[in-house]
Amino acid sequence: MSAVQSVSGERKSAPQQSYDVVVVGAGFGGMYMLHRLRGLGLTARVYEQGDGVGGTWYWNRYPGARCDVESMQYSYSFSDELQQEWDWSERYAPQPEILKYANHVADRFDLRRDIQFSTRVERAAFDEAIDRWSVTTSDGMTVTAQFVVLATGCLSNARMPDIQGLSSFKGQVYHTGNWPHEPVDFTGLRVGVIGTGSSAIQSIPVIAAQAKHVTVFQRTANFSIPARNAPMTAEERQAFRKNYPEVRRVAREVARNGIYTDLPDRGALDDADNVRGARYEARWQRGGLTFMSAYNNLGLDKAANDTAADFVRAKIAEIVRDPETAQLLQPNTHPIGTKRICIDTDYFASFNRPNVTLVDIRANPIEEIVPHGVRSGGKDHEIDALVLATGFDAMTGSVAKIDIRGRNGVTLNQKWAEGPKTLLGLMTAGFPNLFIITGPGSPSVLSNMIVSIEQHVDWIADCLAYMRGHGLDTMEATQDAEEKWVAHVNEVAHTTLYPQANSWYMGANIPGKPRIFMPYIGGVGVYRQICNDVAAKGYEGFAVVGKERPRKAVAS
Ligand SMILES: Cc1cc2nc3c(=O)[nH]c(=O)nc-3n(C[C@H](O)[C@H](O)[C@H](O)COP(=O)(O)OP(=O)(O)OC[C@H]3O[C@@H](n4cnc5c(N)ncnc54)[C@H](O)[C@@H]3O)c2cc1C
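Parameters at a glance
Residues numbered from 1 in each chain as written. Predicted model: local features only at pLDDT ≥ 70, side-chain atom pairs only at ≥ 80, totals over all residues. Heavy atoms only, no water. Axes fitted to C-alpha atoms, helices over the stretch in contact; angles between N-to-C directions. Helix = DSSP H or I, 4+ residues; strand = E, 2+ residues; numbered from the N terminus. Parallel < 35°, antiparallel > 145°, perpendicular 65-115°, else oblique. Contact = heavy atoms within 4.5 Å. Nonpolar A, V, L, I, M, F, W, Y, C, P; charged D, E, K, R; others polar. Pairing = 2+ DSSP bridges. Near = heavy atom within 4 Å. Polar contact = N/O pair within 3.5 Å; in protein donor to acceptor, adjacent residues only side chain to side chain. Phe/Tyr/Trp six-rings, centres within 6.5 Å; stacked < 30°, edge-to-face > 60°. Buried < 20%, exposed > 50% of the residue type's maximum accessible area, 1.4 Å probe, protein only.

S.K.: Requested: an account of the packing of helix H14 (residues 449–469) against helix H16 (residues 524–536), with residues and values cited.
M.R.: A pair of packed helices is characterised by two quantities: the angle between their axes and the separation of those axes. Two elements in contact, H14 and H16, have axes whose closest approach is 11 Å; the angle formed by their N-to-C orientations is 0°. The orientation of H14 relative to H16 falls into the category roughly parallel. From H14, Val-451, Ser-452, Gln-455, His-456 and Trp-459 reach across to H16, where they touch Val-524, Tyr-527, Arg-528, Cys-531, Val-534 and Ala-535. By residue class, the composition of the contact of H14 with H16 is seven nonpolar, three polar and one charged.

Below, the structure written as structure tokens:
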């Protein structure tokens, strides 16, 4: 049992094991947080419900899973040695390689000794008498901590669809977000895939190459751009590494989405049709998410957006041979990019295979799952194995599963009943010393998330160092500043086309979830500057409280 010592230096007595900081989750967020806390000389305990590190890349082991931000950018930047020594094998690394990378980071920075695996955080309650959190875990233990950091992930709570008869299904059922650790062999099987979001789009071509037949149940067609994935040559890696200072600077400070790319200062309607078509074609051939950066107004102006959407719809019509299938695959319910845009390898071409069938469940909704199939529009589709690619209760789902109690015993779920409210996506009023990494109200899922994770972790670490340096005990968002930030997040969202889509950014994929645009869309560079300014002004908008104490030196 360790002594209890607050960050401000005061010693208090408590019966339980105690830490300066409890971190929930050991994905990229929790791992880097632990590394920074160690650097500050703080004691920390990380709890992770999985039995290994990596978060997203630990759970999402479905066939074809890979990142959609290029690996040379979808990787930590906090250690130059790390980014210089790690060799990514492909432009977009597959899941096993990203998981290997996470494990390499855990070993290289000796993180495991402070991570307790296979342990869920069930409850966290703030004790106002001693200004400490009491954290209860699935092994029945309770520890205390001055601070709690939720590194629980935005896309970590797999959403099980509520379809009648699902439990009666006789074959195996898989969720892409909670895939078995052993390889799944679909050889000779008729596979049903429900959902056509990013995970489905990545997995369908791979499953189709193995299975006897794949039936894809589509409610909403999605835009997808070819990844143009390829092995990385040593020369390509080297060129990137040499340019890392600039790549990382632009990703952090300039780009809206945390991805280094050339950013044109032109709108789509500034170019003549043939010039615009050539520009889209070049981006299509290059592949990847930067298709959406072809012009600076695709997320803002519907007429501009339509030109990009039409281009992609025409590509789908070109690739898919059966005109009826092609039409069904052409998205027309939302502007391009306002739902997470997908990156694929041969997704649309998969529908030219004789063993792939598309079922339109918008026109013919799934009525029920029967023991050997899926009934939709009065027809039974015979299925031996079912893949649920139904996504996540995004951004708030994993936080909501923890019983978090702040001041006056108010739970976070009560406070967020009408949608999440935060200041900067980092803290929420009434919950002192509770930080969220990439929380709602920050750019998070609209960005290269490792850029956003590193920014949040650094901000939190600097904040803790500040608190220690100034003899402060608690910090929390003020109600007033929080309300202004929530209003600002909404205001910015509504200057764009994003709220026009029924997306998981809005909580629209979860029945009963309040419709509110959760991420901050102002761009990671702008957002970073706002966060830096808040810190420079002594954490403006946050109430920081401490008893008079001598300053303590802090490592940074
Ligand atoms: C298939 C897929 C592909 C993606 N590709 C990209 C990409 O290319 N680029 C990009 O920027 N982003 C991508 N993302 C987003 C991805 O989630 C982030 O990039 C990043 O991995 C998130 O890291 P994290 O640590 O914040 O959260 P996570 O990786 O989700 O880790 C959170 C961890 O917290 C644990 N946890 C949650 N609740 C508890 C609890 N109560 N107790 C204990 N442990 C708990 C979870 O088990 C999980 O391991 C992708 C997401 C998915 C699902």
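S.K.: Residues and numbers for the pairing of strand E16 (residues 373–376), please.
M.R.: Sheet analysis places strand E15 (residues 366–370) next to E16, joined by four bridges and oriented antiparallel. Paired with Ile-369 across the strands is Val-374, a residue of E16. Hairpin connection, E15 to E16: the antiparallel pair is bridged by two residues. In the sheet, E16 pairs with strand E17 (residues 379–382) via four bridges, with the strands oriented antiparallel. Each residue of the ladder has a partner; that of Gly-373, found in E17, is Glu-382. Hairpin geometry of E16 and E17 is characterised by an intervening segment of two residues between the two adjacent antiparallel strands and by a positive phi of about 55° at Gly-377.

S.K.: Any details on the site of the ligand? Residues and values, ideally.
M.R.: Every one of the 34 residues lining the ligand counts as a neighbour, but Glu-48, Thr-56, Asp-68, Tyr-74 and Met-449 are closest to it. Here Gly-29 contributes a backbone N or O atom positioned 2.8 Å from an oxygen atom of the ligand. Those elements that place two or more of their residues in the shell around the ligand are helix H1 (28–39), helix H2 (56–59) and H14. Of the residues forming the shell around the ligand, the biggest block, three residues, is contributed by H2. Considered class by class, the residues forming the shell around the ligand number 16 nonpolar, 14 polar and four charged.

S.K.: Quick rundown of the packing of helix H7 (residues 244–254) against H16? Include the residues and the values.
M.R.: In the contact formed by H7 and H16, the axes pass within 5 Å of each other and the chain directions differ by 75°. On the basis of their axis angle, the class for H7 and H16 is roughly perpendicular. Contact residues: H7 offers Ala-251, Arg-252, Glu-253 and Val-254, while H16 offers Val-524, Gly-525 and Arg-528. Taken together, the residues of the contact of H7 with H16 sort by class into three nonpolar, one polar and three charged.

S.K.: So, the packing of aromatic side chains: which residues are in play, and what are the values?
M.R.: For the structure on display, the rule yields 36 aromatic pairs. For the pair Phe-78 and Phe-109, a centre-to-centre distance of 5.2 Å together with 55° between the ring planes defines the contact as tilted. Of this pair, Phe-78 sits in the loop between H2 and helix H3 (80–85) while Phe-109 sits in the loop between helix H4 (95–108) and strand E5 (115–116), placing them 31 residues apart in sequence. Note on Phe-78: relative accessible area 23%, which makes it partly exposed. Judged by relative accessible area, which is 13%, Phe-109 ranks as buried. Judged by centre distance (6.2 Å) and plane angle (35°), the ring pair of Phe-147 and Phe-435 falls under tilted. Separated by 288 residues along the polypeptide, Phe-147 in strand E8 (residues 142–150) and Phe-435 in strand E20 (residues 434–436) bring together distant segments of the chain. Looking at Phe-147, the relative accessible area reads 0%, which means it is buried. One aromatic cluster in this structure is built from Phe-28, Tyr-32, Trp-57, Tyr-74, Tyr-76, Phe-78, Trp-86, Trp-88, Tyr-101 and Phe-109.

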